[in-house]
Amino acid sequence: MTSAEIQKHLEASILSVRKDVHRSQLKDEATFNEDLGFDSMGLVALASEMERRFGRSLPLAQWLESRRNQALSLGSLIHFLEDAFK
């Protein structure tokens, strides 16, 4: 899966879960908590939607663990998924 495909599915998942987020907010540096307004339950809903769109289980707990003391940014998730799909 290409980076563009990953980004397309991820953006569609975010917009599906968070109806108040606009596509213009979906930048690599956007953080899920502060910029996009996701709380822990929102991240669970996003994970479920992403797995539905990608058609497979995703190692999102591993991404969260790797970002424990860092911002949860859109760009970091895209790069993580690129590695996961290799």
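On a predicted model such as this, the values are computed, not experimentally measured, just so you know.

Cut-offs used in this document
- Numbers given for residues are sequential positions, taken from 1 along each chain in its written order.
- Local features in a predicted model are, by the rule used here, given only for residues with pLDDT of at least 70; side-chain atom pairs are given and counted only at 80 or more, and totals for whole chains, interfaces and linings are based on all residues.
- Only heavy atoms go into the side-chain values, all of them from the structure, while hydrogens and water stay out.
- By definition, any uninterrupted DSSP run of H or I lasting at least four residues is a helix, any uninterrupted run of E lasting at least two residues is a strand, and each is numbered from the N terminus.
- C-alpha atoms define the radius of gyration in this analysis, and the globule rule sets the expected value at 2.2 Å times the number of residues to the power 0.38.
- Only protein chains enter the accessibility calculation, which uses a 1.4 Å probe. A residue is then buried if its area is under 20% of the maximum for its type, exposed if over 50%, and partly exposed in between.
- The accessible surface values rely on the Shrake-Rupley method and a 1.4 Å probe; as for residues, cover is taken only from the protein chains in view.
- Any two residues whose heavy atoms approach within 4.5 Å at even a single point are treated as in contact.
- Note on geometry: axes are lines fitted to C-alpha atoms, helical ones only across the stretch in contact, with angles between N-to-C directions running from 0 to 180 degrees.
- In what follows, roughly perpendicular refers to angles from 65 to 115 degrees, roughly parallel to angles under 35, roughly antiparallel to angles over 145, and oblique to any angle outside these ranges.
- Crossings are assigned a handedness: left-handed for a near helix turned anticlockwise from the far helix by less than a right angle, right-handed for a clockwise turn.
- In the scheme used here, Gly and all other residues not listed as nonpolar or charged are polar, with Ala, Val, Leu, Ile, Met, Phe, Trp, Tyr, Cys and Pro taken as nonpolar and Asp, Glu, Lys and Arg as charged.
- What counts as a salt bridge is simple: a side-chain nitrogen of Lys or Arg found within 4 Å of a carboxyl oxygen of Asp or Glu.

Caption draft 1: Representation of the overall build of the chain. Within the chain, the secondary structure is distributed over four helices and zero strands. Mapped in sequence order, the helices and strands of the chain form the string α-α-α-α. Computed over its C-alpha atoms, the radius of gyration of the chain comes to 12 Å, within 12% of the 12 Å expected for a compact globule of 86 residues. Split into buried and exposed, the 86 residues of the chain put 40% on the buried side. Here the chain has roughly 5,100 Å² of accessible surface; of this, 50% comes from carbon and sulfur atoms.

Caption draft 2: Main features of helix α4 (residues 74-84). Buried within α4 we find Leu74, Gly75, Ser76, Leu77, Ile78, Phe80 and Leu81. The inward-facing, buried residues of α4 contact α1 (3-17), α2 (40-54) and α3 (60-66).

Caption draft 3: Up close: the packing of α1 against α2. Here α1 crosses α2 at 135°, and the two axes come no closer than 9 Å. Relative to α2, α1 is oriented oblique. Regarding α1 and α2, the two cross each other, and that crossing is right-handed. Taking contact as the criterion, the partners of Ile6, His9, Leu10, Ala12, Ser13, Ile14, Ser16 and Val17 in α1 are, on α2, Gly42, Ala45, Leu46, Glu49, Met50, Arg53 and Phe54. By residue class, the composition of the contact of α1 with α2 is nine nonpolar, four polar and two charged.

Caption draft 4: Representation of the pattern of salt bridges within the structure. Scanning all chains against the criterion turns up six salt bridges. Notably, a salt bridge pairs arginine 52 with glutamate 49, separated by 2.8 Å at the nearest N-O pair. Of this pair, arginine 52 and glutamate 49 both sit in helix α2, three residues apart, roughly one helical turn. We note a salt bridge from lysine 86 to aspartate 83, for which the minimum N-O separation is 3.4 Å. Neither residue differs from the other here; lysine 86 and aspartate 83 are each classed as exposed.

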